[in-house]
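# Tertiary structure, described
Chain by chain, the residues run as shown.
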Protein chains: 2
Amino acid sequence: MPRLAGQIDLSKSEAILDAAVLVLAERGVAAPMEEIARRARVSKQTIYNHYGSKAELVRALCERRMVEFAAPLEAAGAAGHPAQALTDIARILLSPLLTPQYLTLLRTAMASAAVMPEVAAALYEAGPRASRRRLADFLGAETAAGRLACPDPLEAAEFFAGMVVSSRQTAYLLGLPLALTEPQVNAIAAEAAHRFLRAYAP
Amino acid sequence: MPRLAGQIDLSKSEAILDAAVLVLAERGVAAPMEEIARRARVSKQTIYNHYGSKAELVRALCERRMVEFAAPLEAAGAAGHPAQALTDIARILLSPLLTPQYLTLLRTAMASAAVMPEVAAALYEAGPRASRRRLADFLGAETAAGRLACPDPLEAAEFFAGMVVSSRQTAYLLGLPLALTEPQVNAIAAEAAHRFLRAYAP
DNA sequence: CATTAGTTGGACCCACCGGTCCAGTCAGGC
DNA sequence: GCCTGACTGGACCGGTGGGTCCAACTAATG
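Values in this document were obtained by computation on a predicted structure and should not be read as measured data. (Residues numbered from 1 in each chain as written. Chains lettered and ligands numbered in written order. Predicted model: local features only at pLDDT ≥ 70, side-chain atom pairs only at ≥ 80, totals over all residues. Heavy atoms only, no water.)

### Thoughts on the relation of the copies chain B and chain A
Relating the two copies of this chain is a rotation about some axis coupled with a shift parallel to it. Superposing chain B onto chain A requires a rotation of 180 degrees together with a translation of 0.0 Å along the rotation axis, leaving an RMSD of 0.1 Å. Considering both components of the superposition, the chain copies are consistent with a two-fold axis. Of the interface residues in chain B, 100% have counterparts in chain A that sit at the interface too, so the contact is made through matching surfaces. (Least-squares fit on C-alpha atoms with pLDDT ≥ 70 in both. Contact = heavy atoms within 4.5 Å.)

Listed below in structure tokens is the structure:
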């Protein structure tokens, strides 16, 4: 655990965020700082050294961690056949729902939205909104290439993302057990892509 | 203000729920009971007379109020042409998002999900899930009549509901201003219905 | 080796909030 | 006119949790 001179221990910063996700998942926004500290094997004071306040910790958590979930989509969509590309994209859109961390992030941001609107807005921008935009770009390109006919790519992107994610996400946020296996994900992705292609065939 | 003998004042029960929605909207789950009481023009003790505890108040709020949002869908779908029927349904699915109360209900349930799973589950059952099931019935009937081809009506229903509601709901829950005008709602509803019909044409 | 700075654990302060209690009031039922 | 029972307002209690403080420790730097 190297510690650079005159600087805070960055590995502890990460450990704190990790612990925060865990504790927030269990106890919601009311999660006490003391337990986060305990879980991160760090003193409470250290948390305040790193983040200054609970609000700031939550802000950092949402901003830094959400980006990771949006990243995989950047690479996707290059595959030749639109059906395959859309299936891949659908799988990627669905994958965050398989990790409890994503759930915690969303819940935390939603719960804090009334008090700290900027955090929730930033998280939306970095996560769902970025995904939609990326998807819209893809749909626009396919339309230009004559393989699809999306007059309004952004709307089409929201439709597709909605098909794939929507009801499952709502249920998940409401605490229902989301028993989603790998084959199920694949089936949903393929079916959504299939239906979407029919809806927007040239 | 009629008050039946030997009974609590039911109009106050309602006033408390109304006030609770307001305060929860502003302050989230951390909203203090005292402010709910003040807003309802009722003493704190009265709230405890009516609901026993804060958790119980939240439970009552979610259960009683969510039903109202799911109700309008029961009537819909009778119209002849599927395109018209689907447009109507889409409008109804979208309409709760126009009221801040629905937002508050969802947020509160999601925030309490970690602590009181039954409440969130009940709310999901009474709201979104009931809508999906109702929609699936409609799609199944249309399929039987040969006007649609939905091999899996429940999945198709989730797809359609997702298209209409999804991304907007997520943004809304994250506190983004949802500037949705009546004509916009109509446009989205019509477009979603149109695309869905293409996707599931016989 | 002395300095500096982050870390630790634990005591501590204080505000807030859920929930209770109580004395007094007010409306119906008898 | 008296009893019953809900309602009021406000005091009150106790737990909890954000945030601070401090003395002792430790690891890089020079």
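### Observations concerning the confidence of the model for chain A
Of the residues in chain A, 95% have a pLDDT of 70 or more, and the chain-wide mean is 90. Long-range and interchain partners of residues 1–5 of chain A, a stretch whose pLDDT sits below 50, account for three contacts in this model, where long-range means more than four residues apart. (pLDDT = per-residue confidence, 0-100.)

### A closer look at the domain arrangement of chain A
All names here are of chain A. Entries for chain A in the domain assignment read domain 1 (10–52) and domain 2 (65–199). Using C-alpha coordinates to define each centre, domain 1 is positioned 29 Å away from domain 2. Domain 1 puts seven residues into the contact, and the matching count from domain 2 is six residues. Across the interface of domain 1 and domain 2, roughly 550 Å² is buried in total on both sides, 64% from carbon and sulfur atoms. (Domains from an automatic or database assignment. Buried area = accessible area lost by both parts, 1.4 Å probe.)

### Observations regarding the layout of surface pockets
When its volume is computed, the largest pocket comes out at roughly 550 Å³. In terms of lining residues, the largest pocket is bounded by 22 residues, among which A:Val29, A:Ala30, A:Ala111, B:Val29 and B:Ala30 are the most central. At the level of secondary structure, the elements contributing two or more residues to the lining of the largest pocket comprise α4 (54–70) and α7 (100–112) of chain A together with α4 (54–70) and α7 (100–112) of chain B. Taken together, the residues of the lining of the largest pocket sort by class into 14 nonpolar, four polar and four charged. (1 Å grid on protein atoms, 1.4 Å probe; cavity = no way out; pocket = protein on both sides within 12 Å on 5 of 7 lines; lining within 4 Å. Points joined across faces, edges and corners; volume = space filled by probe spheres on them. Helix = DSSP H or I, 4+ residues; strand = E, 2+ residues; numbered from the N terminus. Nonpolar A, V, L, I, M, F, W, Y, C, P; charged D, E, K, R; others polar.)

### Here's the deal with the protein's contact with DNA strand D
Taken together, the neighbourhood of DNA strand D is formed by 24 residues, with A:Met33, A:Lys44, A:Gln45, A:Lys54 and B:Thr46 sitting nearest. Close to the protein, within 4 Å, the atoms of DNA strand D are drawn from sugar and phosphate at a rate of 68%. With respect to DNA strand D, the backbone of B:Ser43 contributes an N or O atom lying 3.0 Å from a phosphate oxygen. Listing elements by their share of the surface near DNA strand D, those giving two or more residues are α3 (44–51) of chain A together with α3 (44–51) of chain B. It is α3(B) that contributes the most residues to the surface near DNA strand D, four residues altogether. Among the residues making up the surface near DNA strand D, the classes are represented as seven nonpolar, nine polar and eight charged. (Near = heavy atom within 4 Å. Polar contact = N/O pair within 3.5 Å; in protein donor to acceptor, adjacent residues only side chain to side chain.)

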